[in-house]
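The primary structure of each chain is shown beneath.
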Amino acid sequence: MVDVAGNLAAVRGRIELACARAGRDPSEVELLPVSKMHAASAIRDASAAGYRRFGENRPQALPSRAEELTDLDIELVAIGRVQTNKAKLIAQYAAELQSLDSLDLARALERRLDGLGRRLPVLVQVNTSGEDAKTGFAPEGTLAAVAEILVLEHLDVRGLMTMAANTDDSDAIRRAFRTLRALQTRLRDAHGDGFDTLSMGMSGDYELAVEEGSTCVRLGTTIFGTRPQRA
Ligand SMILES: *Cc1c(COP(=O)(O)O)cnc(C)c1O
């Protein structure tokens, strides 16, 4: 049995230590449990421990999650790749999308959200590591992309998201996080205040991310254990 509440408390403690090292206020850092592939009971455990928002990486999983958990006061946050033809699921079920990685997706979402009469908070995903396997806007193209997304009335750009390279090279990981933070500064220079959310840091690198300014760490394995494989 995985001790979800115990893991959450332990990780929260490590976030507080990382904040202390960086001279930051721990209340600025959200711990977003990533429940992908885990049973609904895992979400129930985290909900009982006081967590309300849960990261899911597959749009197709959102309707069944919502259905299984109607009795809980929780929100589902989409964090993974979204094909344009899944925009409707995001518009219907996601409280936020952290992985907005193309203008086509932004426009598809805008149409769906307009139809539903709702606005969606989004983070623009940036490929800070330059790895081909990762999606997101290139850092050089991010400002221009955000300018186009800001025109869309039903998308509310709250900040930026990235995934660092999966590597032991902590300098490379820090560089990726610093790139995201530098882009936030440039966005504020161009468009004014806001863009407050920097979603960066996963199980292997969240303490570095907090030291580098993360306001949202997305944690799966450290909270819920290794993921069951998809059947
Ligand atoms: C799976 C996933 C996570 C969590 O990964 P862990 O290493 O298990 O903490 C975070 N962000 C995204 C986008 C993911 O797909």
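These lines cover the structure that appears in this document, whether it is placed above or below. On a predicted model such as this, the values are computed, not experimentally measured, just so you know.

## Considering unusual backbone geometry
- For Met-37, which is not glycine, the phi dihedral falls at a positive 70°.
- By secondary structure assignment, the location of Met-37 is in the loop between β1 (30–33) and α2 (40–48).

## Details of the nonpolar core
- Of all hydrophobic cores here, the largest spans 62 residues; its most connected members are Ile-15, Ile-90, Leu-97, Leu-100, Leu-109 and Leu-155.
- What Ile-15 contacts, discounting residues up to four positions off in sequence, is Val-29, Leu-31, Tyr-206, Val-210 and Val-217.
- Judged by nonpolar contacts, the second largest core, of five residues, contains Leu-32, Val-34, Val-77 and Ile-79.

## Some thoughts on the pattern of salt bridges
- For the structure on display, the rule yields 18 salt bridges.
- Salt bridges here are not isolated pairs; linked through shared partners, they connect Arg-21, Arg-174, Arg-178, Glu-211 and Glu-212.

## Quick look at helix α5 (residues 103–116)
- The terminal C-alpha atoms of α5 lie 20 Å apart, and with 14 residues this matches the ideal 20 Å at 1.5 Å per residue to within 8%.
- Along α5, the residues classified as buried are Leu-105, Ala-106, Ala-108, Leu-109, Glu-110 and Leu-113.
- Of the surrounding secondary structure, the elements contacted by the buried residues of α5 are α4 (87–93), β4 (96–100), β5 (120–126), α6 (139–150) and β6 (155–162).
- Near the N-terminus of α5, the side chain that reaches the backbone nitrogen of Asp-104, with its oxygen 3.5 Å away, is that of Ser-102.
- Following α5 by one or two positions, Gly-117 adopts a phi angle in the positive range, close to 65°.

Conventions adopted
Residues numbered from 1 in each chain as written. Predicted model: local features only at pLDDT ≥ 70, side-chain atom pairs only at ≥ 80, totals over all residues. Heavy atoms only, no water. Helix = DSSP H or I, 4+ residues; strand = E, 2+ residues; numbered from the N terminus. Core = buried A, V, L, I, M, F, W, Y, C linked by side-chain atoms within 4.5 Å. Buried < 20%, exposed > 50% of the residue type's maximum accessible area, 1.4 Å probe, protein only. Contact = heavy atoms within 4.5 Å. Salt bridge = Lys/Arg side-chain N within 4 Å of Asp/Glu carboxyl O. Expected span 1.5 Å × (residues − 1). Polar contact = N/O pair within 3.5 Å; in protein donor to acceptor, adjacent residues only side chain to side chain.

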